[in-house]
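Letter by letter, the chains look like this.
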There are 2 protein chains.
Amino acid sequence: MPRKKTDDTTLDTSPPSDGDMLYSVFEDLCPTRLVLDRLADKWAVLILDRLQQGPLRFNSLKRDIKRITQKVLTQTLRKLERDGLIARQVFATVPVTVEYSLTPLGETLNEFISGLAHWAEHNIEAVLAAQAAFDAAAAPSTPANVTVHRL
Amino acid sequence: MPRKKTDDTTLDTSPPSDGDMLYSVFEDLCPTRLVLDRLADKWAVLILDRLQQGPLRFNSLKRDIKRITQKVLTQTLRKLERDGLIARQVFATVPVTVEYSLTPLGETLNEFISGLAHWAEHNIEAVLAAQAAFDAAAAPSTPANVTVHRL
DNA sequence: CTGTATCCTGCCAGATACTG
DNA sequence: CAGTATCTGGCAGGATACAG
């Protein structure tokens, strides 16, 4: 069976379509949302990151990205290929060889991811602290000198 | 009932934990992943964007972000609050009033989102073109002078 | 107004088996 | 080696009802 066109994760059918603004995050066909949806995919980011160092074969990726299944790896690679972020090259060796690499477009996106990673590492402390504070306030299991009575 | 500590979407229990690298996207507790997981949330980005113009009340957000349900709005606001990205202020008016606003941390993150939006709008043409080319190659329903025979 | 509590449903990741 | 096909369970997200 030939490759089927899997239109999922691209756009959803927005029934009411009550909007009259164009190209907004509030619209379903917003470019930002499309990109965000790609970045939303944990595995996609992992793959993009992995390919930063150069082209890799299918099983190399599978080995590197531990705990990813063949199916999900294939699906994610297809999506990235479809978006023009990675390139797929087949070599007619005896057991066929397939190599994946970043396209120029994929490289520019990767730069953004790097920037985001930088932000994340720079601010992770603050986020973690905020979470701890929030949790402490919400669930004071034993906040300080408070005695908890249980039946 | 007091607010419960909802630890979902924060970290998952990684059973094998086969990694010996620290702070990598390959680790589950990678800062980048944490941030990415927030951005992955469609509604979260929408809220962050909405708050860019200033503080908003719960129902304002609900009205602005069409098609979001109360439950999901509340959940998302809690997550963002927990991460220290937005602040929640309660006014003891007769029907209680609650206002949400960006924290400084949230504002810096928003700048990154803006950058990403810029990239998206700049490159959406290329992505769309790549998708069209991919689909055409994968599903040549009637690519050119090809006759399709059906029973 | 600003939530919480339930129930319900669809979709997607994971596991598994098979193929060129 | 690099996939495809199929089944399944869990859970995020929607709808709805109710409450302080």
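Conventions and cut-offs
Residues numbered from 1 in each chain as written. Chains lettered and ligands numbered in written order. Predicted model: local features only at pLDDT ≥ 70, side-chain atom pairs only at ≥ 80, totals over all residues. Heavy atoms only, no water. Least-squares fit on C-alpha atoms with pLDDT ≥ 70 in both. Contact = heavy atoms within 4.5 Å. Pairing = 2+ DSSP bridges. Helix = DSSP H or I, 4+ residues; strand = E, 2+ residues; numbered from the N terminus. Buried area = accessible area lost by both parts, 1.4 Å probe. Salt bridge = Lys/Arg side-chain N within 4 Å of Asp/Glu carboxyl O. Polar contact = N/O pair within 3.5 Å; in protein donor to acceptor, adjacent residues only side chain to side chain. Nonpolar A, V, L, I, M, F, W, Y, C, P; charged D, E, K, R; others polar. UniProt positions renumbered as here; feature names shortened; annotations may be inferred. Near = heavy atom within 4 Å.

Caption draft 1: Structural detail: the relation of the copies chain B and chain A. Of the two same-sequence chains, chain B is brought onto chain A (RMSD 0.1 Å, axial shift 0.0 Å) by a rotation of 180°. The superposition operator between the copies reduces to a two-fold rotation axis. Taking C-alpha positions as the reference, the residue of chain B nearest the rotation axis is B:Ala40, at 1.9 Å. Comparing contact sets, 100% of the residues at the interface of chain B also lie at the interface in chain A, consistent with an isologous, same-surface contact.

Caption draft 2: Up close: the sheet that holds strand 3 (residues 97–102) of chain B. Residues and elements named next belong to chain B. Ordered by their spatial adjacency, three strands build an open sheet running 1-3-2, and the pairing between neighbours is antiparallel. Pairing within the sheet leaves two strands with one partner each, and these edge strands are strand 1 (56–57) and strand 2 (86–91). Taken together, the two bridges between strand 1 and strand 3 define a ladder with antiparallel strand orientation. Counterpart to Arg-57 in the pairing with strand 3 is Glu-99.

Caption draft 3: Expanded view of the pairing of strand 2 (residues 86–91) of chain A. Residues and elements named next belong to chain A. Bridge count between strand 2 and strand 3 (residues 97–102): six bridges; the pairing is antiparallel. Bridging across to strand 3, Ile-86 finds its partner in Leu-102. Where strand 2 hands over to strand 3, the hairpin turn is made up of five residues, counted between the paired strands.

Caption draft 4: The interface of chain B and chain A, seen in detail. Each side of the interface is counted separately: chain B has 55 residues, and chain A has 55 residues. When chain B packs against chain A, the two sides together hide about 5400 Å² of surface, and 69% of this comes from carbon and sulfur. On inspection of chain B and its partner chain A, the count reaches two salt bridges. Note that A:Asp135 and B:Arg82 form a salt bridge whose closest N and O atoms lie 2.4 Å from each other. Taken together, the connections running from chain B to chain A amount to eight residue pairs in polar contact (both at pLDDT 80 or more). For the side of chain B that touches chain A, the elements supplying multiple residues, two or more each, are helix 1 (31–40), helix 2 (42–51), helix 4 (70–82) and helix 5 (104–138) of chain B. Ranked by residues supplied to the side of chain B that touches chain A, first place goes to helix 5 of chain B with 20 residues. In terms of residue class, the side of chain B that touches chain A is built from 29 nonpolar, eight polar and 18 charged.

Caption draft 5: Region of interest: the UniProt feature "domain: HTH hxlR-type" (unreviewed entry) in chain A. Residues given the UniProt feature "domain: HTH hxlR-type" (unreviewed entry) here are residues 30–128 of chain A. Between the first and last C-alpha atoms of residues 30–128 of chain A the distance is 31 Å; the span itself is 66% helix and 14% strand.

Caption draft 6: Up close: the protein's contact with DNA strand D. The full set close to DNA strand D counts 19 residues, and A:Asn59, A:Gln70, A:Arg88, A:Tyr100 and B:Lys71 are the nearest of them. Interatomic distance of 2.9 Å between a side-chain N/O atom of A:Gln70 and a base nitrogen of DNA strand D. Between DNA strand D and the protein, one listed contact pairs a phosphate oxygen with a side-chain N or O atom of A:Arg88 at 2.6 Å. Residue assignment for the surface near DNA strand D shows that the elements contributing at least two residues are helix 3 (58–64), helix 4 (70–82) and strand 3 of chain A together with helix 4 of chain B. Per-class residue counts for the surface near DNA strand D are eight nonpolar, six polar and five charged.

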